[in-house]
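# Per-entry structural report
So the chains spell out like this:
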Amino acid sequence: MAMRPLWSLLLWEALLPITVTGAQVLSKVGGSVLLVAARPPGFQVREAIWRSLWPSEELLATFFRGSLETLYHSRFLGRAQLHSNLSLELGPLESGDSGNFSVLMVDIRGQTWTQTLQLKVYDAVPRPVVQVFIAVGGDAQPPKTCQVFLSCWAPNISEITYSWRRETTMDFGMEPHSLFTDGQLLSVSLGPGDRGVAYSCIVSNPVSWDLATVTPWDSCHHEAAPGKASYKDVLLVVVPVSLLLMLVTLFSAWHWGPCSGKKKKDVRADRVGPETENPLVQDLP
């Protein structure tokens, strides 16, 4: 495409009245997206130009005298395709492809139409990690029950949300429960009838989702194998022993440090004493 037609398109945009519309398009890393060039009814396109406006202004594709052209040195080089309906396809998408795009079209009567679109590219959410923590039992807790906290975590993906689902053969609803920290922590009370009940943590963002499922009763202290200590028993033993060892170490360093220096001084004095004196002979009282 010659430079003159390209500059003429830019002058159309600068000098003539333009109708501006806006839309938001969502996609994910590794996928592709179609930026549709919508136009009014009866608008017969003679020339068109696609540009990236933000974070950098770049020429992406043009249409002039029936010829489609996308060979421009932008960050989308090799990843942009202009279709016959003047919609622009981008892909595979990268995390830095989010931004604003514009298409300027001129019809056979010289009228112009500009459409701006905002593209938001998200990372696909990974499978979350669910951990089960058993609450310490007390007198207020009913017998044969297990109070558990289910913790769900996924890497720091933008605009991620957490939700929980109780998996049963009858329904997929949730009984009364407590949610904390934006849904990442779920507190439920289990009884013997909940041995096979599973809970799923669902993580999602505007373009993807994934889940992980656990059966929390398997981790309850009621089902702990003989001879295996719970995390509470481990803490009760490890913490006092660690503190005792730390105190012994500090006392040894304080006590033996000065004594060790004194012994070295006495030995040095014996070595420089008279040779006739036997260091092994001690005076009796």
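Only a predicted model underlies this, so the values are computations on that prediction, with no experimental measurement involved.

### Details of the sheet that holds strand β15 (residues 198-205)
- If you trace the three strands from one edge of the open sheet to the other, you get β12-β15-β16, paired in antiparallel fashion. Pairing within the sheet leaves two strands with one partner each, and these edge strands are β12 (161-167) and β16 (208-214). Here the average twist between neighbouring strands, direction ignored, is 20 degrees.
- Pairing analysis gives seven bridges linking β15 to β16, with the strands arranged antiparallel. Residue pairing in the sheet places Y199 in a bridge with V214 of β16.

### Examining the environment of R166
- The topology assignment puts R166 in strand β12.
- Overall, the relative accessible area of 16% leaves R166 in the buried class.
- Here the side chain of R166 touches D194 through a polar contact of 3.4 Å, side chain to side chain.

### Overview of the sheet that holds strand β7 (residues 88-90)
- An order of β2-β7-β6 is seen for the three strands of this open sheet, with the pairing classed as antiparallel. Edge positions in the open sheet fall to β2 (33-35) and β6 (80-82), since each of these has one partner strand only. Neighbouring strand axes in the sheet, compared pairwise and without regard to direction, differ in orientation by 20 degrees on average.
- The pairing of β6 with β7 spans three bridges and is antiparallel. Pairing of A80 across the sheet is with L90, part of β7.

### A few points about the environment of N100
- As for its placement among the helices and strands, N100 is situated in strand β8 (residues 99-107).
- Sequence separation between N100 and R51 is 49 residues, and the spatial gap between their C-alpha atoms is 8.8 Å.

### With respect to unusual backbone geometry
- In this chain, W54 is followed by P55 through a cis amide linkage whose omega measures 10 degrees.
- Of the consecutive residues G91 and P92, the connecting peptide bond is found in the cis state with omega at 0 degrees.
- The residue P92 is located in the loop between β7 and β8 in this model.
- Even without being a glycine, L86 presents a positive backbone phi close to 70 degrees.

### Points about the nonpolar core
- One finds L35, W50, L88, L90, F101, M105 and L119 to be the most contacted residues of the largest nonpolar core, which totals 25 residues.
- Breaking this core down by element, the ones donating at least two residues are β2, β3 (45-54), β4 (58-64), β6, β7, β8 and β9 (112-122).
- At four residues, the largest contribution of residues to this core is made by β9.
- With 22 residues, the next largest nonpolar core counts C146, W164, V203 and C220 among its residues.

### Side note on the side chain of S200
- Residue placement: S200 occurs in strand β15.
- In this structure S200 comes out as buried when scored by relative accessible area, which is 1%.
- At a separation of 2.6 Å, a polar atom in the side chain of S200 contacts the side chain of T213.
- Not counting residues within four places of it along the chain, the set of residues in contact with S200 comprises S163, W164, R165, E167, L211, A212 and T213.

Cut-off values and rules
Residues numbered from 1 in each chain as written. Predicted model: local features only at pLDDT ≥ 70, side-chain atom pairs only at ≥ 80, totals over all residues. Heavy atoms only, no water. Pairing = 2+ DSSP bridges. Helix = DSSP H or I, 4+ residues; strand = E, 2+ residues; numbered from the N terminus. Axes fitted to C-alpha atoms, helices over the stretch in contact; angles between N-to-C directions. Buried < 20%, exposed > 50% of the residue type's maximum accessible area, 1.4 Å probe, protein only. Polar contact = N/O pair within 3.5 Å; in protein donor to acceptor, adjacent residues only side chain to side chain. Core = buried A, V, L, I, M, F, W, Y, C linked by side-chain atoms within 4.5 Å. Contact = heavy atoms within 4.5 Å.

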